[in-house]
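A structural walkthrough
Read off the chains here:
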Amino acid sequence: MPLNVPGILVLFHLLKNPRLVIPHVTVKDIRQIDFLALRNAGYRGAIFDKDNCLTIPYKDTLVPQLEDAWRECREAFGEGNVIIVSNSAGTKFDAGGIQAESVSYHLSAPVLRHDTLKPGYSCIASTRAYFSSLRLPISDDELVVVGDRIFTDVIMANRMRSDFASSSSNAPARARIGGPLAIWTDGVWQKESMVMRWLEKRLLSMVRKWARHGETSFVGTDIFVRELPSPQPRKTGSALTKLLDMMR
């Protein structure tokens, strides 16, 4: 993984606005996200991280357990309205865009080409340019940003917030957020950068206490979260049944 200079510089931004690390919704993985509820609330597009959010790190194929949720997401928002913004595939370090093509093929979604890594402002500009170029343009407050990293995905979403968000407690969550909905997936499919993840969680915990933000999710966004599907019981059979099956 290349050195993420924008990710390092964001520490200085946090001195001014530490609330940038607070996600609006926290889930274990995307199976807990109710995409139809998001669509009904006015969200029309989604930005996803790749590694440990949709795929095993350094792999291009979808985690098998996420197939139903990923299909539901793409059907809810529509073709072209769901994109992958990765700090590997589609960057200037992806020679010839080979990995971006592979990821796009396996996940059936476009991969954003960008030169600056998340959460850099140049990456944000490239993301905005993509959604503005659609036949039916999508604005920032109609987007959902989903990822497993606080310093890249959550901060990127919060940097896209408008200064004109509604302060009324009676306003819908989307109006009060005033930008993309930041959804943090705090589960991992394969251990990676665990020290940095621990530091991110510690920082988030401290900022929440400092901001007196005791909730684990933004008020009014719980309607977008559902229970994880129950694991399917493993089918078992007697030794005799297995023997008879082998003889058929």
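Scope of this entry: the structure provided in the associated data block. Note that this is a predicted model, so its numbers are computed, not measured.

Reading the values: rules and limits
- Residues numbered from 1 in each chain as written.
- Predicted model: local features only at pLDDT ≥ 70, side-chain atom pairs only at ≥ 80, totals over all residues.
- Heavy atoms only, no water.
- Helix = DSSP H or I, 4+ residues; strand = E, 2+ residues; numbered from the N terminus.
- Buried < 20%, exposed > 50% of the residue type's maximum accessible area, 1.4 Å probe, protein only.
- Pairing = 2+ DSSP bridges.
- Axes fitted to C-alpha atoms, helices over the stretch in contact; angles between N-to-C directions.
- Arc of directions from axis to C-beta.
- Contact = heavy atoms within 4.5 Å.
- Core = buried A, V, L, I, M, F, W, Y, C linked by side-chain atoms within 4.5 Å.
- Salt bridge = Lys/Arg side-chain N within 4 Å of Asp/Glu carboxyl O.
- Expected span 1.5 Å × (residues − 1).

1. Digging into the overall build of the protein chain
- Counting secondary structure elements, the protein chain contains nine helices and five strands.
- Seen in sequence order, the protein chain has helices and strands lined up from the N terminus as α-β-α-β-α-β-α-α-β-α-α-β-α-α.
- Every one of the 248 residues in the protein chain was classed for burial, and the buried ones make up 49%.

2. Side note on the sheet that holds strand 4 (residues 143-147)
- Pairing in this open sheet of five strands is parallel, and the strands run 1-5-4-2-3 from one edge to the other. Each end of this open sheet is capped by a strand with a single partner; those strands are strand 1 (25-27) and strand 3 (82-84). Taken pair by pair, the neighbouring strands of this sheet meet at an average axis angle of 20 degrees, ignoring direction.
- Sheet topology places strand 4 next to strand 5 (residues 181-185); four bridges connect them, and they run parallel. Note on strand 5: the bridge partner recorded for Val-145 is Ala-182.

3. Some remarks on helix 4 (residues 98-107)
- Residues of helix 4 that are buried include every one of Ala-100, Val-103 and Leu-107, and no others. Down the axis of helix 4, the sector holding all buried residues measures 65 degrees, keeping them to one side. Turned more than 90 degrees off the buried face of helix 4, the exposed positions are Ile-98 and Tyr-105.
- On its buried face, helix 4 is in contact with helix 3 (67-77) and strand 3.

4. With respect to the nonpolar core
- Core analysis: the biggest nonpolar cluster contains 34 residues, and Ile-30, Phe-35, Leu-38, Phe-48 and Trp-70 have the highest contact counts within it.
- For this core, the elements supplying multiple residues, two or more each, are strand 1, helix 2 (35-40), strand 2 (45-48), helix 3, strand 3, helix 4, strand 4 and strand 5.
- Per-element accounting of this core gives the leading share, five residues, to helix 3.
- Discounting chain neighbours no more than four positions away, the residues touching Phe-35 are Ile-30, Phe-48, Ala-69, Glu-72, Cys-73, Ala-76 and Phe-77.

5. Concerning the environment of Val-225
- Tracing the backbone through its elements, the reader meets Val-225 in the loop between helix 8 (194-210) and helix 9 (239-247).
- Taking C-alpha positions, Val-225 is 8.9 Å from Ala-37, a pair spaced 188 residues apart along the chain.

6. Digging into the pattern of salt bridges
- Taken as a whole and judged by the stated rule, the model has twelve salt bridges.
- A salt bridge links Glu-192 to Arg-197, with the nearest nitrogen and oxygen atoms 3.4 Å apart. Each member of the pair, Glu-192 as well as Arg-197, is classed as buried.

7. Things to note about helix 8
- Its 17 residues place the ends of helix 8 24 Å apart at the C-alpha level, agreeing with the 24 Å of an ideal helix rising 1.5 Å per residue.
- Within the span of helix 8, buried status applies to Arg-197, Glu-200, Leu-204, Val-207 and Arg-208. For helix 8, the angular spread of the buried residues around the axis is 100 degrees, confining them to a single face. Exposed and facing more than 90 degrees away from the buried side of helix 8 are Val-195, Trp-198, Lys-209 and Trp-210.
- On its buried side, helix 8 packs onto strand 1, helix 6 (150-159) and strand 5.
- Where helix 8 ends, the next residue or the one after it, Arg-212, has phi of about 55 degrees, a positive value.

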